[in-house]
Amino acid sequence: MFVSHRYVLIGALLVSFTLLSFHKPQDLSEWRDLNADTYFWKSLPVLYPPATIRPLPTTKPVIYPRIQALSFEESATARNTREKHRDAVKDIFKRCWSSYRQHAWLADELTPVSGGSRSTFGGWAATLVDALDTLWIMDMREEFGEAVSAAITINFTKTEFNEINVFETNIRYLGGFLGAFDVSNDSRLLHKAVEIGEMLYKAFDTPNRMPIMRWNIQAAMRNDRSKQVAGSSTLIAEIGSLSMEFTRLSILTGDPKWFDAVQVITDHMAEQQMTTELPGLWPLVANAQNRTFNEGTAFTLGAMADSAYEYLPKMSALTGGKLEVYQTMYERAAEAMLAHNLFRPMLPNNDDILIAGQAHTKNGGRDIELETQGQHLVCFLGGLLVIGGKIFNRQKDLNAATKLAEGCIWAYKSMPHGIMPEYSCAWDEPLWRREVARKAREKDVENLSNSQLDQIVTENHVPKGFTAINDGRYLLRPEAIESVFVLYRSTGRVDLLESAWDMFLAIERTTKTKFANSAVLEVSKSDEKPQQSDSMESFWLGETLKYFYLIFSDPSVISLDEYVFNTEAHPLRRLVP
């Protein structure tokens, strides 16, 4: 015990000295005071301390190729149009922020139809924290100051929830405070990040040091953690998406314990990556209780897996390439997904686009079947492959990234309200009508006439290029504009600005409410206005509107060569030479 603690102290001191040369907060004494042993979450004893804590690497950062294009040429007229579009996005943000401030201040979410509020993520003002760096980026400094003053009062030792989602708490709250600190350098935000970091660190206090992703926080606050055990069924996205925020917190504070905690997860994922039934990719579900990451037959890049892959090249960018394992893991995953998860739908106009589906293995991995289902969530993949393709000089990744982003643009344009739904299936033109009928559970499809098939297509509201709309909702998601933004910043393609503006107009037109903007239940039916569900998750202000604002901003604003976004669009400073 004493050897371990001495090692931790020496390691922390060494790391703090070496890391200050990379990024030095204005006054580290402030967060150190806040990190005093009297703080509730830090005062709880660690029941299962790690045998050792590895320090952050001290080698020099790698010189990566640029992500952003060297030039963005535009005429005076084009610049004027772009800036008008930027200001229009800001106006929508201001309207939503004003309604949140008036009707839901310090609640997790505004209910944008009824004008009320709800708590969904611990009751710790998720929308406020998620929007902090957006306020700064949009130059709303007065509102930012007020929001920070409110945010520092959030008490992370009080919640009415029995269970919290560690992944969501990490990306929204820890990521939110870190991103806001990295753009503003306001040390109060680092203070709050440390508070959350201390809380989340206790979710790792299990016999095998694997985190509990759906965590009984009330039991933990009662110091009843003797029975804490990591889950036997854990989503790969949740356990695989803690690395960026924990590592950045260690870099900023000089305390390596957070980095060490998540790097243990990375070790196991790396060791087992090539032993799955689809080598290079991990199954959808992991067993954290016995640290098994290679058992399962479903391999998706979308919901419940997405950010585990997203964080691989982004960790390389964040840490300046000091951890070679992330490049290795990314390249293995990229090879597998390019070979097994992407498909080109055969469309009426023969567009050369790609969609990412879900692969299923059979017969012990000897057979692989691709489920051709598109997801709005998986639209992030184009942006991911741009980043990996750029920094690791992988042209085939960049080629796929372009077609994936254009596939999401196509999905928006193809729907009657101009918005891509949550889930949809794509197929080819010759089989389109009969496949729609099969999805509608019609019998004797082969004997139906063309007129009968056309009637089925009309009744099921299926546009050409799709065979079924499995889930017609639009939840104000950011993934499509995220990839369009990253692709634009890397190429300077003017047509992407036009596509982004069309997407923005369609979303605003369809989702606008009396107070703000709401998720809608059905975007595939042309003959009726989509019903609003009275939901505005915090990512609407934290991600979606941020990406729309940034694509119409000067490219120097949050340059991708200086920052890397976490999966909640919070910009974290990269370590650069």
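Fair warning: this is a prediction, and the values are worked out from it, not measured in the lab.

### Section: the UniProt feature "binding site: Ca(2+)" (unreviewed entry) in the protein
The UniProt feature table records "binding site: Ca(2+)" (unreviewed entry) at Thr567. In this structure, Thr567 sits in the loop between strand E15 (563–565) and strand E16 (571–573). Discounting residues that sit within four places of it in the chain, Thr567 has contacts with Phe167, Ile171, Ser307, Glu310, Tyr311 and Glu543. Of the polar contacts made by the side chain of Thr567, one reaches the side chain of Glu310; its length is 2.7 Å.

### Some thoughts on the packing of aromatic side chains
With the rule as written, the count across this model stands at 22 aromatic pairs. Residues Trp97 and Tyr100 carry aromatic rings whose centres are separated by 5.6 Å and whose planes lie at 40° to one another, so their mutual orientation is tilted. Within this pair, Trp97 and its partner Tyr100 are both found in helix H4 (residues 76–103), separated by three residues, close to a single helical turn. Taking relative accessible area as the criterion, Trp97 reaches 3% and is therefore assigned buried. Centre to centre, the rings of Trp501 and Phe552 are 5.9 Å apart; their planes meet at 80°, and the pair counts as edge-to-face. With Trp501 in helix H21 (residues 494–511) and Phe552 in the loop between helix H22 (539–551) and E15, the pair connects residues that are 51 residues apart, well separated along the chain. For Phe552, a relative accessible area of 1% gives the class buried. Through a chain of ring-to-ring contacts, the aromatic side chains of Phe93, Trp97, Tyr100 and Trp105 assemble into a single cluster.

### Let's talk about the UniProt feature "active site" (unreviewed entry) in the protein
The residues that UniProt annotates with the feature "active site" (unreviewed entry) are Glu168, Asp306, Glu422 and Glu479. Residues from the annotated list that form part of the lining of the second largest pocket: Glu168, Asp306, Glu422 and Glu479. Assignment of secondary structure puts Asp306 in helix H14 (residues 306–318). The class of Asp306 is buried, set by a relative accessible area of 13%. Among residues more than four places away in sequence, those in contact with Asp306 are Ala237, Leu301, Leu377 and Phe380. For Glu479, the position within the fold is in helix H20 (residues 479–491). With near-sequence residues (within four places) excluded, Glu479 lies in contact with His376, Leu377, Cys379 and Phe380. Side chain to side chain, Glu479 and His376 meet in a polar contact 3.3 Å long.

### As for the packing of helix H12 (residues 243–253) against H14
Interaxial distance between H12 and H14 falls to 10 Å at its minimum, and their mutual angle equals 15°. Taken together, the axes of H12 and H14 are roughly parallel relative to one another. As H12 runs across H14, the sense of the crossing is right-handed. Here H12 contributes Ser243, Met244, Glu245, Thr247 and Arg248 to the contact with H14, which in turn contributes Tyr311, Lys314, Met315 and Leu318. Of the residues that constitute the contact of H12 with H14, the class distribution is four nonpolar, two polar and three charged.

### Some words on the sheet that holds strand E11 (residues 367–371)
Overall, antiparallel pairing links the three strands, which are arranged E7-E10-E11 in an open sheet. The open sheet has two free edges, formed respectively by strand E7 (298–299) and E11, since each of these has just one partner strand. Bridge count for strand E10 (residues 358–362) against E11 is five bridges, and the pairing is antiparallel. Bridging across to E11, Gln358 finds its partner in Glu371.

### Topic: the layout of surface pockets
Here the second largest pocket defines a volume of roughly 540 Å³. Around the second largest pocket sit 29 residues that line it, and Phe167, Glu168, Asp306, Leu377 and Arg477 are the ones nearest its centre. For the lining of the second largest pocket, the elements supplying multiple residues, two or more each, are helix H8 (166–184), helix H11 (236–239), H14, H20 and H22. Broken down by element, the lining of the second largest pocket gets its largest block of residues, four residues, from H8.

Rules behind the numbers
Residues numbered from 1 in each chain as written. Predicted model: local features only at pLDDT ≥ 70, side-chain atom pairs only at ≥ 80, totals over all residues. Heavy atoms only, no water. UniProt positions renumbered as here; feature names shortened; annotations may be inferred. Helix = DSSP H or I, 4+ residues; strand = E, 2+ residues; numbered from the N terminus. Contact = heavy atoms within 4.5 Å. Polar contact = N/O pair within 3.5 Å; in protein donor to acceptor, adjacent residues only side chain to side chain. Phe/Tyr/Trp six-rings, centres within 6.5 Å; stacked < 30°, edge-to-face > 60°. Buried < 20%, exposed > 50% of the residue type's maximum accessible area, 1.4 Å probe, protein only. 1 Å grid on protein atoms, 1.4 Å probe; cavity = no way out; pocket = protein on both sides within 12 Å on 5 of 7 lines; lining within 4 Å. Axes fitted to C-alpha atoms, helices over the stretch in contact; angles between N-to-C directions. Parallel < 35°, antiparallel > 145°, perpendicular 65-115°, else oblique. Left-handed = near helix turned anticlockwise from the far one by under 90°. Nonpolar A, V, L, I, M, F, W, Y, C, P; charged D, E, K, R; others polar. Pairing = 2+ DSSP bridges. Points joined across faces, edges and corners; volume = space filled by probe spheres on them.

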